[in-house]
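These are the residues of each chain, in order.
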Amino acid sequence: LGPFVGTACARMWSVRTSGVGALWGTVLNLSVLAAAWFHTGSVADRSARDLIKRLGLASHALLYKEARGEDNLDDLVHAGLLLPEEAQALAPLPSKGQVVWSWLTHFWARVLSGELDVTPVPHAATLQPMIMQKCLNGQDAIGTALTFANAVRAHLVGGLPLRSSADVVGTSAASNPIPTCTCSPSSRRSRFSSTPWPRESTLGGTSTTRTGMA
């Protein structure tokens, strides 16, 4: 019984550290970098900061949802963590939290290449590998958490001792509402051609047709 319990506890600790903890650390790191680089009061900089924070928190909430087998995303839309079109694009897809990180990776790639109207990142070419690795770390953390969570569930035949996504969303929405990356009708169309982000974007860029996620 001792080795059995020890293995289960070790796996649960891995969920907390290499999974949830690593994901939360990545979200915080990218938010800090965004605050440092997109520091002006321009609409584009504010939208970029909000987008990074919002999608990072959405991936965190989606991790709990997937661990508990919850498919409904209405609560995340209500809390402002997902836009309706984002929730619609995610609905039929597996590993929704990891898909969100692919959106964030695409967003950062466009920022670092100078395609958006945000404040330019200094030494962007040099910093790009570091930023891309952080995005991959966020995606990997979700996979690690789910892998170990499934193993713990198999061992203990019970639910995860993690707060449900409804608890997480309810707390964040009540105490610190998350601003969405909303767009004014007069702004130019988004160049997020491979993501289900808003048709109108305050981040700037020329017009392209939005294709959505495959």
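Residues numbered from 1 in each chain as written. Predicted model: local features only at pLDDT ≥ 70, side-chain atom pairs only at ≥ 80, totals over all residues. Heavy atoms only, no water.

**Observations regarding the overall build of the protein chain**
Helix and strand content of the protein chain: 7 helices and 0 strands. Taking contacts inside the protein chain between residues at least 6 apart in sequence as the whole, the part at least 24 apart equals 66%. (Helix = DSSP H or I, 4+ residues; strand = E, 2+ residues; numbered from the N terminus. Contact = heavy atoms within 4.5 Å.)

**Brief notes about the packing of aromatic side chains**
Applying the stated rule across the entire model yields 3 aromatic pairs. The interplanar angle of 70 degrees and the centroid separation of 6.2 Å between the aromatic rings of phenylalanine 107 and tryptophan 108 together place this pair among those described as edge-to-face. Tryptophan 108 gets classed as buried once you look at its relative accessible area, which sits at 0%. An aromatic cluster is present here, built from Trp37, Phe38, Phe107 and Trp108 joined pairwise through their rings. (Phe/Tyr/Trp six-rings, centres within 6.5 Å; stacked < 30°, edge-to-face > 60°. Buried < 20%, exposed > 50% of the residue type's maximum accessible area, 1.4 Å probe, protein only.)

**Quick look at the pattern of salt bridges**
Counting across every chain of the model gives 4 salt bridges. Arginine 54 serves as the salt-bridge partner of glutamate 86, at 2.7 Å between the closest nitrogen and oxygen. Placement of glutamate 86 in helix α4 (residues 84–90) and of arginine 54 in helix α2 (residues 43–68) is noted, with a sequence separation of 32 residues between them. In this structure, glutamate 86 and arginine 54 share a single accessibility class: buried. For lysine 65, the salt bridge is made with aspartate 75, and the minimal N-O distance between the two is 3.3 Å. Of this pair, lysine 65 sits in helix α2 while aspartate 75 sits in helix α3 (residues 74–79), and the two are 10 residues apart along the sequence. It is possible to trace a salt-bridge network through shared partners that takes in Lys65, Glu70 and Asp75. (Salt bridge = Lys/Arg side-chain N within 4 Å of Asp/Glu carboxyl O.)

**Focus on the nonpolar core**
By size, the foremost hydrophobic cluster in this structure holds 48 residues, and its most contacted members are Phe38 and Trp108. Contributing elements (two or more residues each) for this core: α1 (2–37), α2, α3, α4, α5 (96–112) and α6 (124–156). By residue number, the principal contributor to this core is α2, which donates 12 residues. (Core = buried A, V, L, I, M, F, W, Y, C linked by side-chain atoms within 4.5 Å.)

**Examining α5**
The terminal C-alpha atoms of α5 lie 25 Å apart, and with 17 residues this matches the ideal 24 Å at 1.5 Å per residue to within 8%. Judged by how many residues are buried, α5 sits mostly within the fold: 14 of 17 residues are covered. Of the residues trailing α5, glycine 114 is marked for its positive phi of about 80 degrees. (Expected span 1.5 Å × (residues − 1).)

**As for the environment of proline 122**
Relative to the helices and strands, proline 122 is located in the loop between α5 and α6. For the pair proline 122 and tryptophan 37, spaced 85 residues apart in the sequence, the C-alpha separation amounts to 8.0 Å. The residues touching proline 122, leaving out its near neighbours within four places in the chain, are Trp37 and Leu127.

**Focus: α2**
Its 26 residues place the ends of α2 37 Å apart at the C-alpha level, agreeing with the 38 Å of an ideal helix rising 1.5 Å per residue. Taken across its 26 residues, α2 has 19 buried, putting it largely inside the fold. Two residues or fewer after α2 comes glycine 69, characterised by a positive phi angle close to 75 degrees.

**Here's the deal with the packing of α2 against α5**
Closest axis-to-axis distance for the α2/α5 pair is 8 Å, and the angle between their directions is 160 degrees. By the angle between their directions, the pair α2 and α5 is classed as roughly antiparallel. Between α2 and α5 lies a crossing of left-handed hand. Here Ala48, Leu51, Ile52, Leu55, Gly56, Ser59, Leu62 and Glu66 of α2 lie close against α5, whose contacting residues are Lys96, Gly97, Val100, Trp101, Trp103, Leu104, Phe107 and Trp108. Split into classes, the residues belonging to the contact of α2 with α5 amount to 11 nonpolar, 3 polar and 2 charged. (Axes fitted to C-alpha atoms, helices over the stretch in contact; angles between N-to-C directions. Parallel < 35°, antiparallel > 145°, perpendicular 65-115°, else oblique. Left-handed = near helix turned anticlockwise from the far one by under 90°. Nonpolar A, V, L, I, M, F, W, Y, C, P; charged D, E, K, R; others polar.)

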